[in-house]
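# Fold and geometry: a report
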Amino acid sequence: MERIPILKMGPFLLVTIQIDLYDRLALTLENDLINMVSQTGARGVLIDISTVSIVDSFMGRILGNIASMSRIMDAETVVVGMQPAVAITLVELGLTLQGVYTALNVEKGMELLNTKLGDNLELDDEEEEDQDDRND
Amino acid sequence: MNTTAQVLEKNRERILEKWMQNQLSDASLRDDLMTNDELQRQSREMLDGLLRAVAKGNYDNIYDTEFEQVTDTLRDISITRARQGFSPRETGAYVLSLKQSVIEVLVEQRQDDTSTLYKEIMQLNNLLDNLSILTFETFIKGREEVILRQTDEISEISTPVIRVWDGILALPIIGTLDSARTQVVMENLLQEIVNTGSNIAILDISGVPAVDSLVAQHLIKTVSATRLMGAECIISGIRAEIAQTIVHLGIDLSNIKTKASLASALHLAFSMTNLEVRRTERSKAPKLTR
């Protein structure tokens, strides 16, 4: 059976959805992802949907579910790269994905996760130094 | 006894002369928009066609082939006049003054035979009325084309997405927001966010005359869609009366960042992206520091 790979990148999990999600696949993804969060103790989940062109209310709900479940397990969820047409569809369906962070692309999503979790991470100090450098 | 067509044919020049007189004596004649020679040429063409059609004995159906030339000329004239900005009265007077001249000539020629005169006048009256209806139809169609073209142009020019700063987009909305326009605005904005990789979008509604619950709903939708894309949306340009309407209608905008002016929205956008605008010591152009 088809599965969507879940990649571990430091404290984060990265999922890129590159095929159209049908209902069963979405449920499997939800299941796998939550298991991975509990196994790895990940602090953030980044879901890239930049190649997804079709969404329905079910898909919207799954994304919401993943976010809520991750939050209970102390991980933040960021959905990145949503296409304009997809965003419009979701809004028309009344799904505004409250509680899910969004970002324009993977890079910005990573940045967002870093700042959200910045307080508790070791990266924190280095980042501040970076910013200080830039100020000069 | 002469038929109507023959009588008219014989008096063609007189009719034309009277018609021109009628048209020229009209106080509302716009000689600034059209020269007299041009008017004379048009009128002669029109009269020739009309007489030819009448000679075939057709008084009823102006859509028959005999009338093709007349209707074509008339449509041409009406549509040109609509575009040139003639008033409906001036355009209508063109055909109606022809009717007057034709009837005047007929009355002169048929003084002895009132029953034939009556019949002829009724027929011609009917025919020319039909022609004047055609004139108005074409005139209004011409005007509507102008209006449609302008509507298209307005909706095209009224939704520009402006890049005000690196990563900050502004979208001034001018005119009423309806569903169709919201769709266009939303699509333009989201596409531009993707193209420029911007983090913040400012929707300026100072040009929106009124905000009702429907417009507010459209705005909320746009903001939600922007948020789904991963950008923040600020609504600016909320005038006092708009704020009053929103509160009176009980619309909840508490989840949306709102500012009174574009300037303060830009200020907020700067602070959200950790930017700062400072005046330089030597009062040169303001420099941005990170």
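Higher on the page you've got the structure.
Here the residue numbering is sequential within each chain, running from 1 through the sequence in written order. Each chain takes a letter, starting from A, and each ligand takes a number, starting from 1, following the order in which they are written. Per-residue local features are limited, in this predicted model, to residues with pLDDT of at least 70; the limit for side-chain atom pairs, both in listing and counting, is 80 or more; totals at the level of whole chains, interfaces and linings are taken over all residues.

## Comments concerning the interface of chain A and chain B
Counting residues at the interface gives 15 residues for chain A, matched by 16 residues for chain B. Helix and strand labels come from DSSP, where a helix needs a run of H or I of at least four residues and a strand needs a run of E of at least two; each type is numbered from the N terminus. The set of elements that each furnish at least two residues to the side of chain A that touches chain B consists of helix H3 (84-92), strand S5 (101-103) and helix H5 (123-135) of chain A. By residue number, the principal contributor to the side of chain A that touches chain B is H3(A), which donates five residues. Ten residues, namely Ala, Val, Leu, Ile, Met, Phe, Trp, Tyr, Cys and Pro, are considered nonpolar, four, namely Asp, Glu, Lys and Arg, are considered charged, and the remaining ones, Gly among them, are considered polar. Across the side of chain A that touches chain B, the residue classes tally to ten nonpolar, three polar and two charged. By definition, residues are in contact whenever their C-beta atoms, placed on the basis of the backbone, come within 7 Å of each other.

## A few points about the sheet that holds strand S4 (residues 232-236) of chain B
Pairing between the strands of a sheet is mediated by backbone hydrogen bonds and can be parallel or antiparallel. Residue and element names in this part refer to chain B. When DSSP finds two or more bridges between a pair of strands, those strands are recorded as paired. Taken together, five strands build an open sheet; the order of strands is S1-S2-S3-S4-S5 and the sheet is mixed. Two strands in the sheet have a free side with no partner beyond their single neighbour: strand S1 (162-165) and strand S5 (257-258). With two bridges joining them, S4 and S5 adopt parallel strand pairing. Residue Ile235 lies in a different strand from S5, and its bridge partner there is Thr258. For helices, the fitted line uses only the C-alpha atoms of the stretch in contact; every axis is such a line through C-alpha atoms, and the angle between N-to-C directions lies from 0 to 180 degrees. Strands in contact with helix H7 (residues 179-196) are S1, strand S2 (168-174) and strand S3 (200-207); relative to S2, the strand with the most contacts, it is inclined by about 165°.

## Quick notes on the sheet that holds strand S3 (residues 44-48) of chain A
Residues and elements named next belong to chain A. The strand order across the open sheet formed by five strands is S1-S2-S3-S4-S5, and the pairing between neighbours is mixed. Edge positions in the sheet fall to strand S1 (6-9) and S5, since each has one partner strand and no second. Recorded for the sheet is a direction-independent mean angle of 25° between the axes of neighbouring strands. Note that S1 and strand S2 (residues 12-16) share four bridges and pair antiparallel. Residue pairing across strands places Leu7 opposite Leu14, the latter belonging to S2. Packed on one face of the sheet, helix H1 (residues 23-40) meets S1, S2 and S3 and runs near 160° to S2. In the packing of helix H4 (residues 106-117) onto the sheet, the strands contacted are S2, S3, strand S4 (76-80) and S5, and the crossing angle to S4 comes to about 160°.

## Some words on helix H3 (residues 36-55) of chain B
All names here are of chain B. Each helix should span, by expectation, one fewer than its residue count multiplied by 1.5 Å. If you check H3, its first and last C-alpha atoms are 28 Å apart, about what 20 residues at 1.5 Å a residue would give, namely 28 Å. Buried residues are those with 20 or more other C-beta atoms within 10 Å of their own C-beta, exposed residues have 12 or fewer, and partly exposed residues lie in between; C-beta atoms are placed from the backbone. Those residues of H3 that fall on the buried side of the exposure criterion are Ser43, Met46, Leu47, Leu50, Ala53 and Val54. Buried residues of H3, viewed axially, fall in a sector of 125°; they line one side. Facing away from the buried side of H3, by more than 90 degrees, are the exposed residues Asp37, Glu38 and Arg41. Summarising the contacts, the buried residues of H3 are in contact with helix H1 (4-10), helix H2 (12-25) and helix H4 (68-84). Two residues or fewer after H3 comes Gly57, characterised by a positive phi angle close to 85°. Think of the arc as the fan of directions from the helix axis to the C-beta atoms.

## Side note on the pairing of S4(A)
Residues and elements named next belong to chain A. Counted residue by residue, S4 has five buried out of five residues, so it is predominantly covered. Here S4 shows two buried faces, one formed by Glu76, Val78 and Val80 and the other by Thr77 and Val79. The sheet contact formed by S3 and S4 spans five bridges and is parallel. Following the sheet pairing, Ile47 is matched in S4 by Val79. We call a crossover right-handed when, viewed with the strands running away from us, the connection from the first strand over the helix to the second turns clockwise. For the crossover that starts at S3, traverses helix H2 (residues 57-72) and ends in the parallel S4, the hand is right-handed. Direction of pairing for S4 relative to S5: parallel, over a ladder of three bridges. Looking across to S5, one finds that Val80 is bridged to Ala103. The parallel pair S4 and S5 is bridged by H3, and the resulting crossover is right-handed.

On their own, these measurements won't tell you what the molecule is for.
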